[in-house]
Amino acid sequence: MSFTRPRIAALAAIGAVALTLTACATGAGDPAPTASAEAEPVTGGNLTFAISVDSQCIDPQQVGNNDAIAIARQTVASLTIQDPENGEILPWLATDFEVNDDATSFTFTLQDGPSYADGEPIDAASVKTNFEAIQALGAKATLGSSYLADLESIDVVDDQTVTINFSEPNAQFLQATSTFTLGLLSPASAAVSQADRCLGDFVGSGPFSVQSYTPNEGAVLERREGYEWGPSTAAHTDEAYLDTITYKVVPESGNRTGSLQSGQIDATTGIATADAVLFEGDDFWSLNRANPGSVYNLYANQSTKKLADENVRLAIQKGIDREQITSTLLGPDDVPAVSPLASSTPYFTDLSDVLEYDPEAAADLLEESGWTEGDDGIREKDGEKLSFHVTYWQSPKEVLELVQQQLRQIGVDLQLTFASIADVQAANADGTYDFSYGNLTRADPDVLRTVFSVSGTSNATKRTEPAEIDELLDEQAAIIDPTERQKVVDEAAELLITGGYSIPIYQLSTTITAASKVQGLGFEASSRLDFYDAWIAE
Amino acid sequence: MWGRYIARRIGQGVIVLWAAYTISFLILYLLPGDAATLFAGGGDQEAIDPELVAQLRSELGLDRPLYEQYLVALGKALTGDFGVSTQTGRPASDLLLESLPPTIALTAFAFVLSVVFGIVLALAASLARAQWLRNLLSSLPPLGVSIPVFWIGLLLLQAFSFRIRLFPSMGNEGFESLVLPAITIAIPSGAFIAQLLSRSLRSTLAQPYVEIVRAKGASERRVQLGHAFRNAAIPSLTMVGVLIGGLLSGAVVTETVFSRLGIGRLVVTAVNNRDVPVVQTVVVFAALVFVVANLVVDLVYPLIDRRITLARTAFVAA
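Residues numbered from 1 in each chain as written. Chains lettered and ligands numbered in written order. Predicted model: local features only at pLDDT ≥ 70, side-chain atom pairs only at ≥ 80, totals over all residues. Heavy atoms only, no water.

Remarks on empty space enclosed by the protein
Residues and elements named next belong to chain A. Applying the stated criterion to the full structure yields five cavities of 30 Å³ or more. The space that makes up the largest cavity amounts to roughly 150 Å³. Arg73, Ile81, Trp92, Pro231 and Asp530 are, among the 15 residues lining the largest cavity, the residues nearest its centre. (1 Å grid on protein atoms, 1.4 Å probe; cavity = no way out; pocket = protein on both sides within 12 Å on 5 of 7 lines; lining within 4 Å. Points joined across faces, edges and corners; volume = space filled by probe spheres on them.)

This is the structure in structure tokens:
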């Protein structure tokens, strides 16, 4: 399965083909943008984009919410860029990078010339300042500080060369340098308070700069004059085309739909599945891409007696009909999970042969473990019901409701509580849950270590003893060679399924819906929005 | 007598403010989830590092005992320091002051609209000659009071913004952006006023002095507008406090539907983020508006109607 993103519309015909391919790849029927074949990108204009939530912060080094990232990503350039088509890490601000054999030391050679928006050069010392500032932010920079965990030292070799050393193997770090979180800010920004940086008081290195930001209202970004270090994955390398991007916070779904239809906004990612049909005409286009990383998963708490039994976990995994979920409840672009990893993640391999819907096998496994059907159809053992509870906030809430019905057919009772994010986090925080539910966006297979490893940041399966899977997850984190790493990642992904660690459901994806005059708006490798190539056709 | 009365009312107001502060603190504390876990996780970041959460919790002071958190916060609040927003790191009072102007503009406009709308509807229902028209007009206020605000907002958006594109669907820019949100709030509030006025008009018109006025040969219009309405309007004045409460709660929903800035949006975001200092600042502010509005009404009341003495209102209020 290959994922493409719309290249610049100078090649509009190719763009249209690419879009169609994407649509085919995801099994969808998205209309392609209706640009005329001779259309050349034009400089100028303002694009109005609606976001659904405002996380009260747009500092790239602090944010984690997708809507905030849609703003923050445009303000910074990164050391590297990840190719959205194959996940390869390519040069960006660093013309060259070297990793030592055990993935503990990373040396970057910087381009001579690029500068921060305040005129300061992007040099080795400023890279050091950036990463130290992220460490200093600590918990306020959740993503960044996890990428920089085990950081030992940063050596400024010369103006253009910087070496970053870790105390543990850290293969994911290379991909991390391509993300907005480790995007570079002018050294002056490191001295600005955390709260003021959230409000947009920072100086970036990217194609756009913050003109204004008002929490709950929105932000305006303006084109950075003199920017000419666009990444090789983009369709051009000099200044962005748009004069400004205006982001408006529109929490109400019906308002976003109506505003896009009536031309009061130009594009959004926040159209409800039910409303998607309204935008199928020639006046609009939509583009979908799976979010790379961990798919929507039910994480079984293996510290509980019932779920410590591999048979029980495998039975639940086999008792879920993923196809039925995506075909009845979700949009045409949503596809069933075929691995713990989403298909847009580098090193992804389709495991649908070991991840089958097989209710008979599920029933056999439960019988084998001594769970026999009770009077009410729910299985029992020693007077105890095979009953579990999960608290979740993710929408559409019907997904787990259907899972609940499906599991009932194999005699498993799944109790659901749909709640606010705050409630869900409180319910999961003490680790007493049966199942937690969620996904995690990251364009690197190391995301599996984050969520499944016994020593991972979240250890969502609450295991206490390291097992074979943990060895594999640690091993892949230390391999730089792509072929070698692929082998280990495949082994790990397969063991997560066959060992019943992972109970994947479906892939989260992001859909851009835009008016036909919007051109070149697409996704970066992590399925976050990239406005650099975007332009407005009049 | 005025001095003692006012001092007493202010004392009562202070108790109301303290109760609002304390109750909101307890409610937020009882809700599951705290600012630290929400900050460290939430949205797409499900990998919550317990160490980071613990660190944040101690930075925010959430690891201290409940009574200590409460007393420290209350002590500071007494000096006018409502603390720092756990979500943004900015003073909660700054956030309130920034959000205030758009909400004042919205609620003030909505207030004017609802008063006009309420009076016109009540009088029209009372003056209408045809029985069917009177029935129709009288059935509007109960309807207006019961329609959910967000539904009115979406309906108005659909008609006047998405279809005929007369007004913007979002934002705070210019008078145009104020029209639909203000009408949205004014419909239930106006209906509320109309309900009160109609009831009061009916009872006033049933009083003997109205017959005397009629007997003197005054026209029906003169009877209603010149005599009954003036007297009927006075009881409605006491409900201004309730009305302001309605306007403020209407603003919470309306600001979200129309993507407007204001204290409604501020408080929704703050509750979702368990941002205790910000919620408490807004709650205390809203309580203050309530207290002041009721005090002003009680003080103005005897000036309008000489028959009402301060002693009596003071007694009732106590």
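A closer look at the interface of chain A and chain B
Each partner contributes residues to the interface: chain A has 49 residues there, and chain B has 45 residues. On the chain A side of the contact with chain B, Ala139(A), Asn216(A) and Gln425(A) bury the most area, a combined 16% of that side's loss. Where chain A packs against chain B, one counts one salt bridge. Put simply, Arg274(B) and Asp423(A) hold a salt bridge, and the shortest N to O gap is 3.3 Å. Linking chain A to chain B there are 10 residue pairs in polar contact (both at pLDDT 80 or more). Taken together, the elements giving at least two residues each to the side of chain A that touches chain B come down to α4 (142–147), α7 (194–198), β10 (244–249), α8 (253–261), α14 (421–429) and β19 (435–441) of chain A. Tallied by class, the residues present in the side of chain A that touches chain B amount to 16 nonpolar, 27 polar and six charged. (Contact = heavy atoms within 4.5 Å. Buried area = accessible area lost by both parts, 1.4 Å probe. Salt bridge = Lys/Arg side-chain N within 4 Å of Asp/Glu carboxyl O. Polar contact = N/O pair within 3.5 Å; in protein donor to acceptor, adjacent residues only side chain to side chain. Helix = DSSP H or I, 4+ residues; strand = E, 2+ residues; numbered from the N terminus. Nonpolar A, V, L, I, M, F, W, Y, C, P; charged D, E, K, R; others polar.)

Remarks on the state of the cysteines
All names here are of chain A. Inspection of the entire model under this criterion finds one disulfide over all chains. At a sulfur-sulfur separation of 2.2 Å, the disulfide partner of Cys57 is Cys198. On the S-S bond that ties Cys57 to Cys198, the torsion sits near -80°, and the link is left-handed. Taken together, the residues span a long stretch of sequence, with Cys57 in the loop between β1 (46–51) and α2 (66–72) and Cys198 in helix α7 at a distance of 141 residues. In this structure Cys57 comes out as buried when scored by relative accessible area, which is 8%. What makes Cys198 buried here is its relative accessible area of 2%. (Disulfide = S-S within 2.5 Å. Buried < 20%, exposed > 50% of the residue type's maximum accessible area, 1.4 Å probe, protein only.)

Concerning unusual backbone geometry
Note that the residue after Ser395(A), namely Pro396(A), is joined by a cis bond; omega there is 0°. Here Lys462(A), not a glycine, exhibits a phi torsion of approximately 55°, which is positive. Summarising the element assignment, Lys462(A) is placed in the loop between α15 (447–452) and α16 (468–476). Using a relative accessible area of 24% as the deciding quantity, one classes Lys462(A) as partly exposed. A positive phi angle is found at Ser259(B), which is not glycine, with a value near 50°.

Let's talk about the UniProt feature "transmembrane region" (unreviewed entry) in chain B
All names here are of chain B. On the UniProt side, "transmembrane region" (unreviewed entry) is annotated at positions that read residues 12–31, 104–128, 140–158, 178–197, 237–258 and 278–304 here. Secondary structure content for residues 140–158 is 89% helix and 0% strand, while the C-alpha to C-alpha distance between its ends is 22 Å. Secondary structure within residues 237–258 divides into 86% helix and 0% strand; the distance between the first and last C-alpha atoms comes to 30 Å. (UniProt positions renumbered as here; feature names shortened; annotations may be inferred.)

Describing the nonpolar core
Residues Phe49(A), Phe108(A), Phe131(A), Phe173(A), Tyr247(A), Leu521(A) and Phe531(A) are the most contacted members of the largest nonpolar core, which totals 73 residues. Grouped together as the second largest cluster of nonpolar side chains are 32 residues, Ile325(A), Leu407(A), Val412(A) and Ile505(A) included. (Core = buried A, V, L, I, M, F, W, Y, C linked by side-chain atoms within 4.5 Å.)

Side note on the sheet that holds strand β14 (residues 372–373) of chain A
Residues and elements named next belong to chain A. On the basis of which strands lie adjacent, the open sheet formed by three strands has the order β14-β15-β16 and antiparallel pairing. Looking at strand neighbours, the two that pair on one side only are β14 and β16 (384–385), the edges of this open sheet. Note: strand β15 (residues 379–381) against β16, two bridges, orientation antiparallel. What sits directly across from Lys381, in β16, is Glu384. (Pairing = 2+ DSSP bridges.)

As for the confidence of the model for chain B
Residues and elements named next belong to chain B. Predicted confidence across chain B gives a mean pLDDT of 85, with 92% of residues reaching 70 or more. Scored below 50 in pLDDT, residues 312–318 makes seven contacts in the model with residues more than four places away or belonging to other chains. Model confidence for the complex is summarised by a pTM of 0.86, with the ipTM given as 0.83. (pLDDT = per-residue confidence, 0-100.)

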